[in-house]
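Now for the letters of each chain:
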Amino acid sequence: MIKTEKLTKSFQGAEVLKGINLQVDAGEIIVLLGPSGSGKSTLLRCLNGLETLSGGSIEMNGVRLDTQMKPRERNQNVRTIRRHSGMVFQQFNLYPHKTALGNVIESLLVVKKLPRSEAVAIGKKMLERVGLEGKLDAYPSRLSGGQQQRVAIARALAMEPDVLLFDEPTSALDPELVGEVLDVMQQLAREGMTMLVVTHEMAFARHVANRVVFMDDGQIVEEAAPEVFFDHPATERARRFLNKLGQHRGLQQEQQ
């Protein structure tokens, strides 16, 4: 489904991704973990064509991006990749002047150029899929953060993607709203959706992921099944990360 080879990305001379080699098979759930600034979000943005590559290559469903391409070919391939992949951001990025249904059907009307009646039927189905069938006419300002993020997921699903990319989809939510978004993501996993997820939700990573990819300083430091990574991390850097995370969680629980 996805393959990167020696993928690099630099911003103003600073190398953020340093030769990423990653392969994701159809139906796999990959959780990307690592400290802030390790390159996780940049990797997702490169996969979706939101950032241009500095070096190396990406292949998604047989469609390739590399630095040797001419701009016209690259732009065409980026459009193809975006049609086959959906991205869900930390901030929901909904149109404030459109209803939940309006947000979901916008890309169906503009990108796929479907008849409005067909787009509305798909939009209703997708909102029902994320448990928001009763919020079709609600504007984002009238929705909770969790509901807004579920609208964003429905919007991505409406394009019938082969893969979904989640960039910290719960980090902007109040703790009591996190569960409703994770429930939708777990359901998608059960349905066989291929997903790459940047998250600090360790329970989700442990129980839903097929594989944990741990990044630090723009590199993949460790890859393992969740039970191996969490219980027997192979590298000292991963052990320090998990220990610090555990201490932070323990402090949070004491404060509560």
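Residues numbered from 1 in each chain as written. Predicted model: local features only at pLDDT ≥ 70, side-chain atom pairs only at ≥ 80, totals over all residues. Heavy atoms only, no water.

Per an unreviewed UniProt entry, the recorded name for the protein is Cystine transport system ATP-binding protein, and the organism is Paenibacillus algorifonticola.

## Focus: the packing of helix 5 (residues 145-158) against helix 6 (residues 175-190)
Helix 6 packs onto helix 5 with a crossing angle of 20° between their chain directions and a minimal axis gap of 8 Å. Between helix 5 and helix 6, the interaxial angle falls into the category roughly parallel. Crossing of helix 5 over helix 6 shows right-handed handedness. Note on element contacts: helix 6 touches helix 5 through Leu177, Glu180, Val181, Val184, Met185 and Leu188, opposite Gly145, Gly146, Gln147, Gln149, Arg150, Ile153 and Leu157. (Axes fitted to C-alpha atoms, helices over the stretch in contact; angles between N-to-C directions. Helix = DSSP H or I, 4+ residues; strand = E, 2+ residues; numbered from the N terminus. Parallel < 35°, antiparallel > 145°, perpendicular 65-115°, else oblique. Left-handed = near helix turned anticlockwise from the far one by under 90°. Contact = heavy atoms within 4.5 Å.)

## Some thoughts on the side chain of asparagine 77
In this fold, asparagine 77 is placed in helix 2 (residues 71-84). The exposure class of asparagine 77 is buried, given its relative accessible area of 15%. Within polar-contact distance, the side chain of asparagine 77 engages the backbone oxygen of arginine 64 at 2.8 Å. Residues within four places of asparagine 77 in sequence aside, it is in contact with Val63, Arg64, Leu65 and Met69. (Buried < 20%, exposed > 50% of the residue type's maximum accessible area, 1.4 Å probe, protein only. Polar contact = N/O pair within 3.5 Å; in protein donor to acceptor, adjacent residues only side chain to side chain.)

## Details of the packing of aromatic side chains
As enumerated under the stated definition, the model contains 3 aromatic pairs in all. Ring geometry for phenylalanine 214 against phenylalanine 241: centres 5.1 Å apart, planes inclined by 50°, an arrangement best described as tilted. One end of the pair, phenylalanine 214, is in strand 9 (residues 211-216); the other, phenylalanine 241, is in helix 9 (residues 236-255), and 27 residues separate them in sequence. Considered together, phenylalanine 214 and phenylalanine 241 belong to a single accessibility category, that of buried residues. Grouped by ring-pair contacts, the aromatic residues Phe214, Phe229, Phe230 and Phe241 constitute a single cluster. When the ring centre of phenylalanine 11 is taken as reference, the NZ or CZ atom of lysine 9 above it lies at 4.9 Å. (Phe/Tyr/Trp six-rings, centres within 6.5 Å; stacked < 30°, edge-to-face > 60°. Lys NZ or Arg CZ within 6 Å of the ring centre and 35° of its normal.)

## As for the environment of glutamate 180
Locating glutamate 180 in the fold gives a position in helix 6. The sequence separation of glutamate 180 and valine 198 amounts to 18 residues, and the corresponding C-alpha distance is 17 Å. For glutamate 180, the contacting residues outside a window of four places in its chain are Ser144, Gly146, Gln147 and Arg150. Of the polar contacts made by the side chain of glutamate 180, one reaches the backbone nitrogen of glutamine 147; its length is 3.3 Å.

## Notes on the pairing of strand 7 (residues 163-167)
Among the 5 residues in strand 7, 5 count as buried, and that is most of the element. Of the two faces of strand 7, the one carrying Val163, Leu165 and Asp167 and the one carrying Leu164 and Phe166 are both buried. Pairing geometry for strand 6 (residues 85-88) and strand 7, over 4 bridges, is parallel. Its bridge partner lying in strand 7, glycine 86 is registered against leucine 164. Taken together, the 5 bridges between strand 7 and strand 8 (residues 194-198) define a ladder with parallel strand orientation. Residue pairing across strands places valine 163 opposite threonine 194, the latter belonging to strand 8. For the segment spanning strand 7, helix 6 and strand 8, crossover handedness is right-handed. (Pairing = 2+ DSSP bridges. Right-handed = clockwise from strand over helix to strand, strands pointing away.)

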